Every structure is written in structure tokens, then in C-alpha cells.
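Structural description and commentary
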Amino acid sequence: MVGDGEQRLVAMPCPPGRPFLIGVSGGTASGKSSVCSKIVQLLGQNEVDHHQKKVVMLSQDSFYQVLTAEQKAKALKGQFNFDHPDAFDNELILKTLQEIMDGRTVQIPVYDFVSHSRKEDTITVYPADVVLFEGILAFYAQNIRDLFQLKLFVDTDADTRLSRRVLRDIGERGRDLEQVLTQYITFVKPAFEEFCLPTKKYADVIIPRGVDNLVAINLIVQHIQDILNGGLTKRQSSTNLNGCSKIPSDSSSRPH
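Rules of the game
- Residues numbered from 1 in each chain as written.
- Predicted model: local features only at pLDDT ≥ 70, side-chain atom pairs only at ≥ 80, totals over all residues.
- Heavy atoms only, no water.
- Axes fitted to C-alpha atoms, helices over the stretch in contact; angles between N-to-C directions.
- Helix = DSSP H or I, 4+ residues; strand = E, 2+ residues; numbered from the N terminus.
- Parallel < 35°, antiparallel > 145°, perpendicular 65-115°, else oblique.
- Left-handed = near helix turned anticlockwise from the far one by under 90°.
- Contact = heavy atoms within 4.5 Å.
- Expected span 1.5 Å × (residues − 1).
- Bend = angle between axes of the 7 residues up to and from the residue.
- Buried < 20%, exposed > 50% of the residue type's maximum accessible area, 1.4 Å probe, protein only.
- Polar contact = N/O pair within 3.5 Å; in protein donor to acceptor, adjacent residues only side chain to side chain.
- Phe/Tyr/Trp six-rings, centres within 6.5 Å; stacked < 30°, edge-to-face > 60°.

Our next topic: the packing of helix 5 (residues 158–173) against helix 6 (residues 177–196). Interaxial distance between helix 5 and helix 6 falls to 11 Å at its minimum, and their mutual angle equals 135 degrees. The orientation of helix 5 relative to helix 6 falls into the category oblique. Every pair of crossing elements has a handedness; the one defined by helix 5 and helix 6 is right-handed. Between helix 5 and helix 6, the residues in contact are Ala-158, Arg-161, Leu-162, Arg-165, Val-166, Asp-169 and Ile-170 and Leu-177, Val-180, Leu-181, Gln-183, Tyr-184, Val-188 and Phe-192, respectively.

See the structure below:
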């Protein structure tokens, strides 16, 4: 893990012929999906046909549990805790990631954040060399966490995360300001402190400022390039990212 001092990053081994699985965690609206999208873009994979993609990204948000009628009624009032570990279908996440590691084509659920329900449609994900899985509790369950050969934690200031969440939930999910703030104070902030923040210790790389930290992102991209090119990362039991390069920490970035 990269903290206040410079440390050498060691990635877990990737079994020959199997995808390299990268977990990306961090608080709500910390920029996890933006970091993943930037990595995919810099690798030139964002415009590749989905059948041919070598790098794909998945979101834990796709795997929310199917709610009961009572739970859905609470959710529509902003009274359901979507940041609690029990809100996710961890059995399906584990099964899906294991199938991905076995090189199988998988069907990913599509979640509707307005109606708080899964749609009938699914997204087909074909076998890839590198898989990015992002989510606030990506590292919470050990059986899922242990699947990741590399773990990244996107560390963004709490005020920035809150402002992003407010804009997102109002603009994209049809919520009103009072509901967003009430939900944040009641569920989101306490859940972050209890369930998400403690998993930061499992990260191999902490990325302060998220997608704005191009030094860190470029270093990770170089590591993935090595994997795609059949470099040492696929053959040796432990490998430093980009040789002896380090990811500089940001002293202004602290746990929220």
C-alpha cells in the first residue's frame, strides 16, 4: 500500500491463461468508475467492439439485491440502506467473478436506480485479459477480495464526494436535495466509516484525488500494458508495478 512514504507495489500472481482481476474501491462518488474509465481509455479499449475487448469494467452497483415490496417502499422514500454489505448480492458477485476467471461469457444484471429494481435485460461480458471491478464494498467480503490480483482504493475528500453525490442523485436519479442529504447523513456516511473505510488497509495502491491523479493512473496503465503484452506479470509470482516506480502520496488526503 502506498501511504505517506514511498513503497514498492507488489501484485499477486496471475495464473497463466486466466484474466487479471483488479478491484477498485473507495467511498461513494470518490471517482471509482471515472478511474476505471480513464484506464480503459488510455489503453485504447473504450472504442473496441465488446466481443474483442481485452479490458472490461464491471460495477458492484449492478449486483444490488432484489428488494422485497416492503424494502422497495422504504427505498422510494430514501429509507433503505444501499451502502450496507447486505444490500449486495454477494453470492452472485462471487459466482460471476469466478466464471470470469474461468474464461466464461457472463451475464451482468442491469440495475434501475430510479425504480430500485433489476431490469429484465442483462449485459453480456465476453472473456477478457484484464477485468476491473469497482464498488464501495469491493474489498469487504474476504472470499471476493481474495480474487483480486491488484487492489486499488480511490481516496477523495469527503466534501468533494458529497457534492458529486448530490449532483448525481438529483440530475440522474430523480431525487430531491432533502432526500439526498438525509440519506447521506443517515446511511451513507456511517456506512462508509463502518464498512468501506476499514477496507482501505487491503489496498495495494491508494489513489489520492481519483481521476486527477494521472501519475498513479499512468503507472497502473503501464502495468496492465505489461499484462496485455504477455509480460512478466503473467508469469512470475510477484512483480513490481513498472519496475521500481512509486506512486506519490498526497499528504492532504486523509481518511474521512
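Below, the discussion takes up helix 6. Helix length check: helix 6 (20 residues) gives 24 Å between terminal C-alpha atoms against 28 Å at 1.5 Å per residue, more than 12% under. The principal kink in helix 6, of about 50 degrees, is found at Tyr-184. Listed as buried for helix 6 are Gln-179, Val-180, Gln-183, Tyr-184, Phe-187, Val-188, Ala-191, Phe-192, Phe-195 and Cys-196. Looking at the buried positions of helix 6, the neighbouring elements they touch are strand 2 (20–26), helix 2 (69–76), strand 7 (150–155) and helix 5. Between a side-chain oxygen at the N-terminus of helix 6 and the backbone nitrogen of Glu-178 the separation is 3.3 Å; the capping residue is Asp-176.

This part takes up the packing of aromatic side chains. Under the counting rule described, the total for this entry stands at 10 aromatic pairs. Each ring, one from Tyr-64 and one from Phe-82, has its centre 5.3 Å from the other, and the planes form 85 degrees; the classification is edge-to-face. Here the residue Tyr-64 occupies a position in the loop between strand 3 (55–59) and helix 2, and Phe-82 occupies one in the loop between helix 2 and helix 3 (90–101), the gap between them amounting to 18 residues. Exposure remark for Tyr-64: the relative accessible area of 7% places this residue in the buried category. The exposure class assigned to Phe-82 is buried, which follows from its relative accessible area of 9%. Arranged with centres 5.2 Å apart and planes meeting at 70 degrees, the rings of Tyr-111 and Phe-113 form a pair that is edge-to-face.

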